[in-house]
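This is what each chain is made of:
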Amino acid sequence: AQSVAQPEDQVNVAEGNPLTVKCTYSVSGNPYLFWYVQYPNRGLQFLLKYITGDNLVKGSYGFEAEFNKSQTSFHLKKPSALVSDSALYFCAVRDRDNFNKFYFGSGTKLNVKP
Amino acid sequence: DSGVTQTPKHLITATGQRVTLRCSPRSGDLSVYWYQQSLDQGLQFLIQYYNGEERAKGNILERFSAQQFPDLHSELNLSSLELGDSALYFCASSAKMSSGDTQYFGPGTRLTVL
């Protein structure tokens, strides 16, 4: 069973519009959840994480994500997209009940058009 | 620049050969992680070391091994290489061994097996 799912291979949005990149997970217990961004020919950069506490997490570059335990989701959002946000976005989960294994989603390519 | 360095940047070798990838974590970070990113498998967690000891294990093949040295740099050894091992190999580091630690990724080593 896939531990992390990013149902959209690609998301297209116009500059200035809000964006959402979806992520759902299927690990048990209380996972740690992360979002990373990858620009072409670069390593991954950390955006934000949910460990505990407030379900709405704010991160770098104006991104935020909401942890929803009942829907097992951790969608990434931004109120107003920039062309420079165009990149590959990865959701990741750390399964604390399974030897701390780390699982990444398949990635979602975000295209922001001017 | 994340502060994590990886060498070499590119590596081209033949099937059946053995290679060693090297990673230097950010100054002060005690944990090192290794990942494989390929087109068909996506981003896969291989293994984590903390202060020289193995901490978590992912989908690492038996042909692959890693270690972390007293100076905290890490090496990933890949042996009996197959065409399917061609991928981008990332190293990441974090300050401690906590499951919720933010990981900082290096630029990666691109391995091509011919």
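Just above, that's the structure.
Residues numbered from 1 in each chain as written. Chains lettered and ligands numbered in written order. Predicted model: local features only at pLDDT ≥ 70, side-chain atom pairs only at ≥ 80, totals over all residues. Heavy atoms only, no water.

Enquirer: Any details on the interface of chain B and chain A? Residues and values, ideally.
Expert: Listed per partner, the contact involves 19 residues of chain B and 18 residues of chain A. Our count for the contact surface shared by chain B and chain A stands at 0 salt bridges. Between the two partners, chain B and chain A, sit 4 residue pairs in polar contact (both at pLDDT 80 or more). Here the side of chain B that touches chain A is composed, by residue class, of 8 nonpolar, 8 polar and 3 charged. (Contact = heavy atoms within 4.5 Å. Salt bridge = Lys/Arg side-chain N within 4 Å of Asp/Glu carboxyl O. Polar contact = N/O pair within 3.5 Å; in protein donor to acceptor, adjacent residues only side chain to side chain. Nonpolar A, V, L, I, M, F, W, Y, C, P; charged D, E, K, R; others polar.)

Enquirer: Go over the nonpolar core with me, naming the residues and quoting the values.
Expert: Counting 27 residues, the largest nonpolar core has Trp35(A), Leu47(A), Leu48(A), Phe74(A), Leu76(A) and Tyr89(A) as its most contacted members. Ranked by the residues each element gives to this core, the list is headed by strand β10 (residues 87-95) of chain A, at 4 residues. Not counting chain neighbours up to four residues away, the residues in contact with Leu76(A) comprise Leu19(A), Thr20(A), Val21(A), Trp35(A), Leu47(A), Leu48(A), Phe63(A), Glu64(A), Ala65(A) and Tyr89(A). Formed by 20 residues, the second largest nonpolar core is a distinct cluster that contains Leu46(B), Phe64(B), Leu81(B) and Val113(B). (Core = buried A, V, L, I, M, F, W, Y, C linked by side-chain atoms within 4.5 Å. Buried < 20%, exposed > 50% of the residue type's maximum accessible area, 1.4 Å probe, protein only. Helix = DSSP H or I, 4+ residues; strand = E, 2+ residues; numbered from the N terminus.)

Enquirer: Give me the state of the cysteines: which residues, what numbers.
Expert: Where two cysteines share a covalent bond between their sulfur atoms, that bond is called a disulfide. Residue and element names in this part refer to chain A. The full count for this structure, using the stated rule, is 2 disulfides over all chains. At a sulfur-sulfur separation of 2.0 Å, the disulfide partner of Cys 23 is Cys 91. The sign of the S-S torsion, about -60°, decides the handedness of the disulfide formed by Cys 23 and Cys 91: left-handed. Of this pair, Cys 23 sits in the loop between β3 (19-21) and β4 (24-25) while Cys 91 is found in strand β10, placing the two residues 68 residues apart along the sequence. On the basis of relative accessibility, which here comes to 0%, the residue Cys 23 falls in the buried class. In this structure Cys 91 comes out as buried when scored by relative accessible area, which is 0%. (Disulfide = S-S within 2.5 Å.)

Enquirer: I'd like a description of the pattern of salt bridges, backed by residues and values.
Expert: Residues and elements named next belong to chain A. Under the criterion given, the structure shown has 5 salt bridges over all chains. A salt bridge links Glu 64 to Lys 58, with the shortest nitrogen-to-oxygen separation between them at 2.9 Å. Exposure remark for Lys 58: the relative accessible area of 63% places this residue in the exposed category. Note that Lys 78 and Asp 85 form a salt bridge whose closest N and O atoms lie 2.8 Å from each other. What makes Asp 85 buried here is its relative accessible area of 4%.

Note that all results are geometric; they support no functional claim without further evidence.
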